[in-house]
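Letter by letter, the chains look like this.
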Amino acid sequence: MNSSSNESRRVESDESDDDYHAIIVRLNDRWRVVAALDHAQKPGWILQRGAHRSANDWRTRTSCKTRYALMRCVGLYAGEVDQAALAILAALPLHIDWG
């Protein structure tokens, strides 16, 4: 496999990108929740904050395996959250697992 195909695969799965393919919900201007889909990682919902340096750079604050833990972390860290975003979070399964 050549290096350009390795690079495109890495970029496609980079959860710090604005266009990451597994975004669950944008909570507000600075926070979002994504799913960890890389099987090399533990499964989880990842709470991320937009980095100050770049609009296309998201930093992980925490990873949660249960909806309860995710909702608690969102309440602790994300500030004011849109009600529609909270409804999406409330509809998530009780826990995330690869099965």
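Data block above holds the structure.
What you see is a predicted model; the values in this text were computed from it and never measured.

### Points about the state of the cysteines
Then comes step 1: Overall, the coordinates contain zero disulfides when judged by the stated rule.
Then comes step 2: Cysteine cysteine 64 shares no disulfide, and the gap to the nearest cysteine sulfur, in cysteine 73, comes to 3.8 Å.
Then comes step 3: Residue classification places cysteine 73 among the buried positions, given a relative accessible area of 12%.

### Observations concerning the side chain of glutamine 48
Then comes step 1: Looking at where glutamine 48 falls in the secondary structure, it is placed in strand E3 (residues 44–50).
Then comes step 2: Take glutamine 48: its relative accessible area is 1%, and that puts it in the buried class.
Then comes step 3: In this structure the side chain of glutamine 48 is engaged in a polar contact, spanning 3.0 Å, whose partner is the backbone oxygen of glutamate 15.
Then comes step 4: One polar contact links glutamine 48 to arginine 32, side chain to side chain, over a distance of 2.7 Å.
Then comes step 5: The residues touching glutamine 48, leaving out its near neighbours within four places in the chain, are Glu15, Ser16, Arg30, Trp31, Arg32, Val34, Trp58, Arg59, Thr60 and Arg61.

The rules behind the values
Residues numbered from 1 in each chain as written. Predicted model: local features only at pLDDT ≥ 70, side-chain atom pairs only at ≥ 80, totals over all residues. Heavy atoms only, no water. Disulfide = S-S within 2.5 Å. Buried < 20%, exposed > 50% of the residue type's maximum accessible area, 1.4 Å probe, protein only. Helix = DSSP H or I, 4+ residues; strand = E, 2+ residues; numbered from the N terminus. Polar contact = N/O pair within 3.5 Å; in protein donor to acceptor, adjacent residues only side chain to side chain. Contact = heavy atoms within 4.5 Å.

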